[in-house]
Amino acid sequence: MPSQNTPIPHHRQIWLQQADPEIRIHYIEYLPTSSEPKGTILLIHGFPETSYQFRHVTIPLAEAGYRVIVPDYRGAGYSSHPPDGYTKDVLAQDLYKLVTEHVGVKEPIHVVGHDIGGMIAHAYVAQFPSNVASVIWGECPLPGTKFYEDNKHTAPLWHFDFQAQSDIAVSLVSGKEKIYLKHFYDRLAQNPEAFSNEDLEFYATQYSMPGALRSGFHVYRMFETDAVHNQEWLKKNGKVEVRSMILSGEHVFMTASALEMASEMYSNVERGIVEGSGHWLAEENPEDFVRKVLGFVEKR
C-alpha cells in the first residue's frame, strides 16, 4: 500500500474538440505532496514508447513538489490514432490544449521531451514561449538543424527512411512488433537490462493496437515538414529565448554534437548528460534523470 504522502496517479482521458474525428488524449497526472507546489512539469515521451517510459520518475518528481502531467501524444498509447495530424506543431498544440484548457494550468510550465517528445517540446516552446518556464529536450536530431540534415540518411538513423515509408513499413512490421521494438531497446541502450520482459510485452501490446504502427510511422513521415516549420519559426522569431537544456545519454553517438545542434535554435541553452545511460534516459538511469531535471528547473 502507498504511504499517505505518496503521490497517487490519476489516469484520465479528454476529448479535444478539433476537426472530425475528435481526438482523445490520455494522460496521467501526479499531484505534489507538498502544500506549496513548485510548478508543473509536462513529460513528453518518444518512439517506440508511450507515457509508460516515465514510470520510474513521476513519483520522485511529484515528491519534489511538482505537479506532473504525462500524456500519450496523439497516435500513441491509449490516445486516439487518427489518420493525420502528426506534424510536431499539431502534436504540441494538442498538449497545449490539454495543459491550459483542460487541466487548467495558468502559470508557465516546465516542458521535458525525449526523442520524438524532444521535437514536440521544441514545437511547444516555439509556438507558446510565454507559457513555458523552461524546456529540457534531447536524444533527437531536430529537423531543420545542420545535424539533422547531415545525419538523417546515415546508418544509425536508418529507421528514419524506413518508417517514413509508412504503408510498407506497417506491412512488414505488423505481427512482429515485439521483435522490431526490442531491436531499438537493445541497439540504443547502454543498459538493455533496464527493460524487463514485462516492459517489452507492454510496449509491444501498445504498438499492436489498431492504427498504432501507422500513427507512429506517420510521425517520422512528417520530419521534412517539421524542418520547414522549425526554420520558419527561427526566421520569424529568432532563436528561442526560454532557458533550455539539451539532455543526452552519456553513451550516445550524437551527444558530442547535441549542444551545437541546440544552439542553432536556442540562445540560452546548456548541456546535461545522464550518466551511464544510452538513449533511454528515464529508464536506464531514472535517478540521474530526476537529478538533472530538478537541478535545471530549480536553478535560479
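Structural data are supplied above this passage.
Structure report, in brief. Worth saying up front: this structure is predicted, and the values here are computed from it rather than measured. (Residues numbered from 1 in each chain as written. Predicted model: local features only at pLDDT ≥ 70, side-chain atom pairs only at ≥ 80, totals over all residues. Heavy atoms only, no water.)

Quick look at the overall build of the protein chain
Here is step 1 of the chain: Secondary structure summary: the protein chain contains 13 helices and eight strands in total.
Here is step 2 of the chain: For a compact globule of 300 residues, the expected C-alpha radius of gyration is about 19 Å, and the protein chain comes in at 18 Å, within 12% of that figure.
Here is step 3 of the chain: By principal-axis analysis of the C-alpha atoms, the protein chain measures approximately 50 × 45 × 45 Å.
Here is step 4 of the chain: The buried share among the 300 residues of the protein chain stands at 57%. (Helix = DSSP H or I, 4+ residues; strand = E, 2+ residues; numbered from the N terminus. Rg over C-alpha atoms; globule rule 2.2 N^0.38 Å. Buried < 20%, exposed > 50% of the residue type's maximum accessible area, 1.4 Å probe, protein only.)

Here we look at the pattern of salt bridges
Here is step 1 of the chain: For the structure on display, the rule yields 14 salt bridges.
Here is step 2 of the chain: Notably, a salt bridge pairs Asp226 with Lys88, separated by 2.5 Å at the nearest N-O pair. Here Asp226 is found in helix H10 (residues 223-237), whereas its partner Lys88 is found in helix H2 (residues 88-103), with 138 residues between them in sequence.
Here is step 3 of the chain: Look at Asp226 and you get buried, because its relative accessible area is 2%.
Here is step 4 of the chain: In this structure Lys88 comes out as buried when scored by relative accessible area, which is 3%.
Here is step 5 of the chain: Between Asp186 and Lys182 there is a salt bridge, and its shortest N-O distance comes to 2.6 Å. Of this pair, Asp186 and Lys182 both sit in helix H7 (residues 177-188), four residues apart, roughly one helical turn. (Salt bridge = Lys/Arg side-chain N within 4 Å of Asp/Glu carboxyl O.)

Description of the packing of aromatic side chains
Here is step 1 of the chain: Enumeration over the complete set of coordinates arrives at 28 aromatic pairs.
Here is step 2 of the chain: Ring plane angle 85° and centroid distance 5.4 Å describe the contact between Tyr52 and Tyr203, whose orientation is recorded as edge-to-face. Of the two residues, Tyr52 sits in the loop between strand E3 (39-44) and helix H1 (58-63) while Tyr203 sits in helix H8 (residues 197-206), which places them 151 residues apart along the sequence.
Here is step 3 of the chain: Classification of Tyr52 as partly exposed rests on a relative accessible area of 24%.
Here is step 4 of the chain: Ring centres 6.3 Å apart and planes at 80° place the aromatic pair Tyr148 and Phe223 in the edge-to-face group. (Phe/Tyr/Trp six-rings, centres within 6.5 Å; stacked < 30°, edge-to-face > 60°.)

Some details on the environment of Ala92
Here is step 1 of the chain: Checked against the element boundaries, Ala92 lands in helix H2.
Here is step 2 of the chain: Along the chain, Ala92 and Gly272 lie 180 residues apart, while their C-alpha atoms are 23 Å from each other.
Here is step 3 of the chain: Apart from the residues lying within four places of it in its own chain, the contact partners of Ala92 are Ile120, Ala123, Tyr124, Gln127 and Phe128. (Contact = heavy atoms within 4.5 Å.)

Section: the packing of H2 against helix H3 (residues 116-127)
Here is step 1 of the chain: Between H2 and H3, the least distance of the axes is 8 Å, while the angle of their chain directions is 70°. Considering their axes alone, H2 and H3 lie roughly perpendicular with respect to each other. Residues Lys88, Asp89, Leu91, Ala92, Gln93, Leu95, Tyr96 and Val99 of H2 lie in contact with H3, whose contacting residues are Ile116, Met119, Ile120, Ala123, Tyr124 and Gln127.
Here is step 2 of the chain: For the contact of H2 with H3, the per-class residue count stands at ten nonpolar, two polar and two charged. (Axes fitted to C-alpha atoms, helices over the stretch in contact; angles between N-to-C directions. Parallel < 35°, antiparallel > 145°, perpendicular 65-115°, else oblique. Nonpolar A, V, L, I, M, F, W, Y, C, P; charged D, E, K, R; others polar.)

As for the nonpolar core
Here is step 1 of the chain: Ranked by size, the top nonpolar core spans 68 residues in total, and within it Leu42, Val111, Ile116, Tyr124 and Trp137 carry the most contacts.
Here is step 2 of the chain: Sorting elements by how many residues they give to this core places H3 first, with eight residues.
Here is step 3 of the chain: Among all residues touching Tyr124, those that are not within four sequence positions of it are Leu42, Ala92, Leu95, Tyr96, Val99, Ile109, Val111 and Val132.
Here is step 4 of the chain: Grouped together as the second largest cluster of nonpolar side chains are 25 residues, Met245, Val274, Leu281 and Ala282 included. (Core = buried A, V, L, I, M, F, W, Y, C linked by side-chain atoms within 4.5 Å.)

Section: the pairing of strand E8 (residues 269-274)
Here is step 1 of the chain: In the sheet, strand E7 (residues 244-249) pairs with E8 via six bridges, with the strands oriented parallel. Across the sheet, the residue bridging to Ser248 is Ile273, located in E8.
Here is step 2 of the chain: In this fold, E7 hands off to helix H11 (residues 255-263), which returns the chain to E8; that crossover is right-handed. (Pairing = 2+ DSSP bridges. Right-handed = clockwise from strand over helix to strand, strands pointing away.)

Here's the deal with the pairing of strand E6 (residues 132-138)
Here is step 1 of the chain: Burial within E6 is extensive, with six of its seven residues counted as buried.
Here is step 2 of the chain: Here strand E5 (residues 109-114) runs beside E6; their pairing, made up of six bridges, is parallel. The residue bridging Ile109 from the neighbouring strand is Val132, located in E6.
Here is step 3 of the chain: Assessed by its sense of winding, the connection that carries the chain from E5 through H3 to E6 is right-handed.

A look at unusual backbone geometry
Here is step 1 of the chain: In this structure, Pro48 follows Phe47 across a cis peptide bond, with omega equal to 0°.
Here is step 2 of the chain: With respect to the element layout, Pro48 can be found in the loop between E3 and H1.
Here is step 3 of the chain: A positive phi angle, close to 60°, is found at Asp115, a residue other than glycine.
Here is step 4 of the chain: When you line up the elements, Asp115 lands in the loop between E5 and H3.
Here is step 5 of the chain: Although it is not a glycine, Glu139 adopts a positive phi angle of roughly 60°.
Here is step 6 of the chain: Relative to the assigned elements, Glu139 resides in the loop between E6 and helix H4 (146-151).

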